[in-house]
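Letter by letter, the chains look like this.
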Amino acid sequence: CRTEMSNSSAAAPAELLKFVGCSEFRSRIALSILTGKPVKISSIRAKLENPGVREFEISYLRLIEQITNGTVVRISETGTVVLFRPGILTGGEFEFDCCAERGIGYYLEPLMLLGPFGKRSLSVKLTGVSNNSMDPSVEAVSYSCLPLLRRFLGRDSGSELSLERRGCHPVGGAEVRFQCPTVSKLKPLDLTQPGKIHRIRGMSFTCKVSPGMNGRQIVSAKELLRRLVPDVLLTADHCTGARGGQSPGFGVTLVAETRDGCRYVAECMSRPSGVAVAEASVPEDVGLTAAQLLCEEIYRGGCVDSISQPLALALMALCDRDASRLLTGPLTPHSVRLLRLLRQFLGVTFRLQSRPAGDDGLGGDKVLCTCVGSGFANLSKLVR
């Protein structure tokens, strides 16, 4: 039986769960590890000209093998079928080179879900791409997801996320350290009062380009944000040499903070050199786009932003057998699919209550998410 499962009395092998398609690949694997239920994922991009799992998904499976013991992964010759049998979640200290096709944020999100339930505290050094236009940057994860994780672990949890070296898409070269302690159980969440925004903070970065671009991004972002909040402070981070990675790029990450400790995070970065995509590539456009995206997050409202919304729902389902409540903005497609997975793996059903915008007069419609946790416990922590 699995030491990380609270229902450790079950002697019979867990039933194989079957899924179709590549949607929610990370969440399926992560929940499989936590619950000890093997999964089979078939028809992975089967109708595409280049079918099967991608290199970044294989890299993710290798990362999972690093933090577990006894995990078995079988991939068909065509790559369209993956059979995953989870092992024991061990945690520990190690280094891992992430695939440059995706950002380090792609790997950090599941690590934050798995880290608290290992046998040993998790301390990992990740290398790869810290900033791209597809995944949350390391700063965005640090501003949005890390404070939320600390609410479940405890205020003095010891969880840390630091960016030692930046690396933009496509080549990367970033170095990131993430530390997460183990706990016996997660604390229930009661977060229904977002509070009023009282300040906006942020950071403008440049890698291997003119440092003057930082000023242009900051001025452009402030021009819009100061119409909303007078207290706006953006800092500049000009990365050169090895600290700037191996690819040029620039971008802005913004965070709006409320008086009750809630945060809304948005960001935008330049398009990669030599890639023709419809994204902002002028510093003024990057700063303005980041400010507009932050305004959109503020309008969505709630107590968490769209970046940390899925993590909050997953951790709520893993809490002790007590009610957790969370007021959030409209559910993202990722969150909706995750709620279905939480019901399949953990048997946790959420009660979703719509809160029209007229109730508080702020932003758009909200959703009050309520659930009773599965009582998930890290038995290796309890034995100690």
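Here goes a summary of the coordinates provided. (Residues numbered from 1 in each chain as written. Predicted model: local features only at pLDDT ≥ 70, side-chain atom pairs only at ≥ 80, totals over all residues. Heavy atoms only, no water.)

**A look at the overall build of the protein chain**
Piece 1. Check the secondary structure of the protein chain and you find nine helices and 18 strands.
Piece 2. Relative to a compact globule of 384 residues, whose C-alpha radius of gyration would be 21 Å, the protein chain shows 21 Å and is just as compact.
Piece 3. If one aligns the C-alpha atoms of the protein chain with their principal axes, the spans along those axes are about 65 × 50 × 45 Å.
Piece 4. The buried share among the 384 residues of the protein chain stands at 55%. (Helix = DSSP H or I, 4+ residues; strand = E, 2+ residues; numbered from the N terminus. Rg over C-alpha atoms; globule rule 2.2 N^0.38 Å. Buried < 20%, exposed > 50% of the residue type's maximum accessible area, 1.4 Å probe, protein only.)

**Quick look at the sheet that holds strand β10 (residues 174–180)**
What holds strands together in a sheet is hydrogen bonding between their backbones, with the strands either parallel or antiparallel.
Piece 1. Read across the sheet, four strands follow the order β7-β8-β10-β9 without closing on themselves; strand pairing throughout is mixed. Across the chains shown, the open sheet's two edge strands, defined by having one partner strand only, are β7 (92–97) and β9 (160–165). Strand-to-strand twist across the sheet, computed as the mean angle between neighbouring axes with direction ignored, equals 15°.
Piece 2. Judged from the seven bridges that link them, strand β8 (residues 122–128) and β10 form a sheet pairing that is antiparallel. Bridge pairing links valine 124 to phenylalanine 178 in β10.
Piece 3. With respect to the sheet, helix α4 (residues 138–153) is in contact with β9 and β10, its orientation differing from that of β9 by roughly 160°. (Pairing = 2+ DSSP bridges. Axes fitted to C-alpha atoms, helices over the stretch in contact; angles between N-to-C directions. Contact = heavy atoms within 4.5 Å.)

**Let's talk about the sheet that holds strand β16 (residues 323–328)**
Piece 1. Reading across from one edge, β11-β16-β18-β17 is the order of the four strands in this open sheet, with mixed pairing throughout. Bordering the open sheet on either side are β11 (190–191) and β17 (351–355), each of which pairs with just one other strand.
Piece 2. When β16 meets strand β18 (residues 366–372), the two strands line up antiparallel, connected through six bridges. Counterpart to arginine 325 in the pairing with β18 is threonine 370.
Piece 3. Along the sheet, helix α7 (residues 309–317) contacts β16 and β18; its crossing angle with β16, the most-contacted strand, is approximately 170°.

**Examining the nonpolar core**
Nonpolar side chains tend toward joint burial in soluble globular proteins.
Piece 1. Residues Ile29, Phe178 and Phe350 are the most contacted members of the largest nonpolar core, which totals 85 residues.
Piece 2. Element by element, the count of residues in this core is highest for α4, at nine residues.
Piece 3. Excluding residues that lie within four positions of it along the chain, isoleucine 29 makes contacts with Val39, Ile41, Tyr60, Leu61, Ile64 and Phe84.
Piece 4. If you look at the next biggest cluster of nonpolar residues, it comprises 19 residues, including Val229, Val252, Ala291 and Leu294. (Core = buried A, V, L, I, M, F, W, Y, C linked by side-chain atoms within 4.5 Å.)

**Regarding the packing of helix α3 (residues 104–114) against α7**
Piece 1. One can describe the packing of α3 onto α7 by two numbers: an axis separation of 10 Å at closest approach and a directional angle of 20°. As summarised for this structure, α3 and α7 are arranged roughly parallel, according to the angle between their axes. Considering how the two elements wind past one another, α3 and α7 form a crossing that is right-handed. When α3 is examined against α7, the residues Glu109, Met112 and Leu113 are found in contact with a partner set consisting of Leu311, Ala314 and Leu315. (Parallel < 35°, antiparallel > 145°, perpendicular 65-115°, else oblique. Left-handed = near helix turned anticlockwise from the far one by under 90°.)

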